[in-house]
Amino acid sequence: MLREKIKNRQSGILFYGMTPPKAKNTKDELEVIAKNHVDRIKDLDIDGLILYDIQDESDRTDKKRPFPFIETVDPCEYAKEYLDAPLKFPVVVYRAVGKYDKDEFKKWLEARVGREFFTVFVGAASRETKTTITMQEAYAMKKEVADDIVLGGIMIPERHTAKNDEHLRVFKKIDSGCEYFVSQAVYNLQAAKKFLDDYASYAKEHGRALAPIIFTMTPCGSNKTLDFMKWLGIHIPESLELKLKNSEDILAESVRVSIDTFRELYEYGLKKGVPIGCNVESVSIRKVEIDASIELLGEIKRIMS
C-alpha cells in the first residue's frame, strides 16, 4: 500500500505521471480519452498515478512559451469521474495552490475528509504570480481541516544548484506536513546528486529522518519538446543537449539517458540512506512517446527490484 510505503519511508515507490485532458473537450470526448487512459495504465505495476494540476507559467520567464497554454480538466474531478473506479492503485493529485482562493481551497480540503487521499501541493510559478493564499497558509489549513491527507511536496534540483538550499526547503516542508517529495524532471545528474549529498548530510548532522525522494524521469521526443522542457526550468547540460539533438533518434536516446540517470541516482541515494523512488512522466499525446514512457517505466521497475 502506498500509504504504508510513505509512512515507513521506503525506497522503491513508483509513480506514473500524466496530465488530465484539455478542458475544452466535450463530455463524450472525455469519456473516450479516459477509456484510452485506463486501458493504457490499468495493468501497470505501480504504486500510484500522478495527475498534474497545470498552471500557466509565463510569469516565470520573459521567453516565449514554445507551446500555447491550454486549460486542462481539474485533476480531482477527472480522477473522481473517470479513473478512481477502474484503477486498482491510488491517484496522487497535484494541487497548484495559487490557482485558488482560501474559501475554494478550504472547501476542497473538506471534501477529502474521511477518505484516503494523496496530494502534492505546488507553489506559484514565480514571485510575480499574484495569489490569494500562500503555501504556509495552505499547509496550516490542511493540518486544521484534513490532517489525514497524505501530503507531498515538490523538490527542484536546479534550484539547489543556484541557491544551495533546496535541502533546507525540503526539511521546512517536512516540518509543515510533507511526507514525500516529487522532483521536477531530472536531466542534470550532478545537480540531483548534490542535493542528495546535502539532504543526507543535514539529516545526519541534525538527527532528522529522511522522507522519500521521488525523481521524475521524462522521455523527450523532439527538439521542440526539449526546448519546452528548458522553458519550464529543467536544466539540461549543454553537452547532453547536443547529444540529444544530434542523435538519430532523440526519443530512444532520451530513454537511455533517463535509465542511466535514474540507476545512478538510485544507487547513490541508497548508499547515503536516502529512500529513492521514481515518477515516470508521460505528458505527450503521441503514441510513440507514450510507448516510450511505458518502456522506461519497465526499466525503472527492474532497477528498483
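Residues numbered from 1 in each chain as written. Predicted model: local features only at pLDDT ≥ 70, side-chain atom pairs only at ≥ 80, totals over all residues. Heavy atoms only, no water.

K.L.:
An account of the overall build of the protein is requested, with residue identities and associated values reported.
P.N.:
Counting its secondary structure elements, the protein contains 12 helices and eight strands. Taking 2.2 N^0.38 as the reference for a compact globule, 305 residues should give roughly 19 Å; the C-alpha atoms of the protein span a radius of gyration of 18 Å, in line with that estimate. The C-alpha extent of the protein, read off along each of the three principal axes, is 55 × 50 × 40 Å. When each of the 305 residues of the protein is scored for burial, the buried share is 51%. Of the roughly 14,600 Å² that the protein leaves accessible, carbon and sulfur atoms contribute 49%. (Helix = DSSP H or I, 4+ residues; strand = E, 2+ residues; numbered from the N terminus. Rg over C-alpha atoms; globule rule 2.2 N^0.38 Å. Buried < 20%, exposed > 50% of the residue type's maximum accessible area, 1.4 Å probe, protein only. Areas by Shrake-Rupley, 256 points an atom, 1.4 Å probe, with all protein chains shown as cover.)

K.L.:
Could you give an account of the environment of F117, naming the residues involved and the relevant values?
P.N.:
As for its position among the elements, F117 is in the loop between α4 (102-110) and β4 (118-122). In sequence terms F117 and M18 are 99 residues apart; their C-alpha atoms lie 18 Å from each other.

K.L.:
Describe the pairing of strand β8 (residues 276-281), with residues and values.
P.N.:
Most of β8 is tucked away: six of the six residues are buried. Residues I276, C278 and V280 of β8 are buried on one face, and the alternating residues G277, N279 and E281, pointing to the opposite face, are buried as well. With four bridges connecting them, strand β1 (residues 14-18) and β8 associate as parallel partners. What sits directly across from G17, in β8, is E281. (Pairing = 2+ DSSP bridges.)

K.L.:
Which residues make up the pattern of salt bridges, and what values do they have?
P.N.:
Applying the stated criterion to the full structure yields 25 salt bridges. For E166, the salt bridge identified is with R169, shortest N-O distance 3.7 Å. Taken as a pair, E166 and R169 lie in helix α7 (residues 166-175) at a separation of three residues, close to a single helical turn. Classification of R169 as partly exposed rests on a relative accessible area of 27%. Across the pair E241 and K230 runs a salt bridge whose closest N-O atoms are separated by 2.9 Å. Highlighted residues: E241 in helix α10 (residues 238-245) and K230 in helix α9 (residues 223-231), separated in sequence by 11 residues. Of the residues examined, E241 reaches a relative accessible area of 12% and is grouped as buried. On the accessibility criterion, K230 (36% relative accessible area) is partly exposed. One salt-bridge network, in which partners are shared between bridges, spans R159, D165, E166 and R169. (Salt bridge = Lys/Arg side-chain N within 4 Å of Asp/Glu carboxyl O.)

K.L.:
Can you break down the sheet that holds strand β6 (residues 180-185) residue by residue, with the values?
P.N.:
The strand order around the closed barrel built from eight strands is β1-β2-β3-β4-β5-β6-β7-β8, with neighbouring strands paired in parallel fashion. The sheet shows a mean angle of 30 degrees between the axes of neighbouring strands, direction not considered. Inspection of the sheet shows β6 paired to strand β7 (residues 213-217) by three bridges, in the parallel sense. Each bridged residue has a counterpart across the sheet, and for V182 the counterpart in β7 is I214. Running over the sheet, helix α3 (residues 75-83) touches β1, β2 (48-51) and β3 (91-96) and is turned about 155 degrees from β3. Those strands touched by helix α5 (residues 135-145) are β4 and β5 (150-155), and its axis lies near 155 degrees from that of β4. (Axes fitted to C-alpha atoms, helices over the stretch in contact; angles between N-to-C directions. Contact = heavy atoms within 4.5 Å.)

K.L.:
Pulling in residues and values, what's your account of the state of the cysteines?
P.N.:
Applying the stated criterion to the full structure yields zero disulfides. No disulfide involves C220; its nearest neighbouring cysteine sulfur is the one of C278, lying 16 Å away. (Disulfide = S-S within 2.5 Å.)

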